[in-house]
Amino acid sequence: QVQLVESGGGLVQAGGSLRLSCAASGRTFSIGVMGWFRPAPGKERECVLAIRRSGDYTVYIDSVKGRFTASRDNAKNTVYLQMNSLKPEDTAVYYCAAATRGGPVGSRVDEYDNWGRGTQVTVSS
């Protein structure tokens, strides 16, 4: 079992930045891909981006490309989501997720088997 705790959320003005962190504990050796998710219309959650153990990541939401980046510190079992040029429409609870079952992992919710409780990001206009 893996436990995930997000932090770094808060209230920021449009155009500002935030960096979210997700700290993993437990069976961290089993973690492969980690992802950041947020709610979306018509879906429970959509994948913002997924980051592999190598640090390579894929951004899945077009509206955040060029503004959101990710990094990963495997020694600290922590992943980060750097959010720049924030917009009011980025307001959401952001969830961290980890995949431990192996195999290809992308943007689907069911590919991830461990979830954090989320951290609220609010962007004011």
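Please refer to the structure higher up on the page.
Throughout this document, residue positions are counted from 1 along each chain, in the order its sequence is written. Whole-chain, interface and lining totals are the exception, using all residues; otherwise, since this is a predicted model, local features are given only for residues with pLDDT of at least 70 and side-chain atom pairs are given and counted only at 80 or more. Derived side-chain values reflect all non-hydrogen atoms in the structure, with water molecules and hydrogen atoms excluded from consideration.

## A word on the packing of aromatic side chains
Right, on to step 1. Two rings belonging to Phe, Tyr or Trp (six-membered ring only in the last case) form a pair when the distance between their centres is within 6.5 Å. Interplanar angles under 30 degrees mark stacking, angles over 60 mark edge-to-face geometry, and anything in between is tilted. Following the criterion strictly, the structure yields three aromatic pairs and no others.
Right, on to step 2. Plain terms: the ring middles of Tyr112 and Trp115 are 6.3 Å apart, the flat faces sit at 65° to each other, and that makes the pair edge-to-face.
Right, on to step 3. Partly exposed residues are those whose accessible area sits between 20% and 50% of the maximum for their type, while under 20% is buried and over 50% is exposed, using a 1.4 Å probe and protein chains only. Look at Tyr112 and you get buried, because its relative accessible area is 4%.
Right, on to step 4. Among the aromatic side chains, those forming a connected cluster through ring pairs are Phe37, Tyr112 and Trp115.
Right, on to step 5. The ring of Tyr95 is capped by Arg45, whose NZ or CZ atom sits 3.6 Å from the centre of that ring.
Right, on to step 6. Either the NZ atom of lysine or the CZ atom of arginine qualifies as a charge over a ring when it sits within 6 Å of the ring centre and within 35 degrees of the ring normal. Looking at Arg45, its charged tip hangs above the ring of Trp115, at a distance of 4.8 Å from the centre.

## Some points on the sheet that holds strand 7 (residues 68-73)
Right, on to step 1. DSSP bridges decide pairing: two strands pair if at least two such bridges lie between them. To qualify as a helix, a DSSP run of H or I must reach at least 4 residues; to qualify as a strand, a run of E must reach at least 2; elements of each kind are numbered from the N terminus. Pairing in this open sheet of four strands is antiparallel, and the strands run 1-3-8-7 from one edge to the other. Sheet topology places strand 1 (2-7) and strand 7 at the edges, where each strand pairs with a single neighbour. In this sheet, adjacent strand axes meet at a mean angle of 15° when their direction is disregarded.
Right, on to step 2. Sheet topology note: the strand 7/strand 8 (residues 78-83) ladder contains six bridges and is antiparallel. In the strand pairing of strand 8, Phe68 is matched with Met83. Every angle, taken between N-to-C directions, lies between 0 and 180 degrees, and every axis is a line fitted to C-alpha atoms, over only the stretch in contact when it is a helix.

## Here's the deal with the side chain of Arg72
Right, on to step 1. Tracing the chain through its elements places Arg72 in strand 7.
Right, on to step 2. Buried charge without a partner: Arg72 forms no salt bridge, and the closest opposite charge is Asp73, 8.6 Å away.
Right, on to step 3. Contacts described as polar in this section are N or O atom pairs within 3.5 Å, which, within protein, must combine one atom able to donate a hydrogen with one able to accept it, while residues neighboring in sequence count only if both atoms come from side chains. Polar side-chain contacts of Arg72 include one of 3.1 Å to the backbone oxygen of Ile51.
Right, on to step 4. A polar contact is formed between the side chain of Arg72 and the side chain of Asn74, at a distance of 2.8 Å.
Right, on to step 5. Excluding its chain neighbours within four sequence positions, the residues that come into contact with Arg72 are Ile31, Gly32, Val33, Met34, Ile51, Arg52, Arg53, Thr78 and Val79. Under the counting rule used here, the positive set is Lys and Arg, the negative set is Asp and Glu, and His together with the chain ends is not counted. Salt bridge criterion: a side-chain nitrogen from Lys or Arg within 4 Å of a carboxyl oxygen from Asp or Glu. The contact criterion used throughout is that any non-hydrogen atoms of two residues lie within 4.5 Å.

## Notes on the nonpolar core
Right, on to step 1. The definition of a nonpolar core used throughout is a set of buried Ala, Val, Leu, Ile, Met, Phe, Trp, Tyr and Cys residues joined through side-chain atoms within 4.5 Å. Of all hydrophobic cores here, the largest spans 28 residues; its most connected members are Met34, Trp36, Met83 and Tyr94.
Right, on to step 2. Of all the secondary structure elements, the ones that give two or more residues to this core are strand 1, strand 3 (18-26), strand 4 (34-40), strand 5 (43-51), strand 7, strand 8, strand 9 (92-98) and strand 11 (119-124).
Right, on to step 3. Judged by nonpolar contacts, the second largest core, of nine residues, contains Tyr95, Ala97, Ala99 and Tyr112.

## Section: the pairing of strand 4
Right, on to step 1. With six of seven residues buried, strand 4 is to be regarded as a mostly interior element.
Right, on to step 2. Bridge count for strand 4 against strand 5 is six bridges, and the pairing is antiparallel. For Gly35, the partnering residue across the bridge sits in strand 5 and is Ala50.
Right, on to step 3. In this antiparallel pair of consecutive strands, strand 4 and strand 5, the connection spans two residues, and Gly42 shows a positive phi of 80°.

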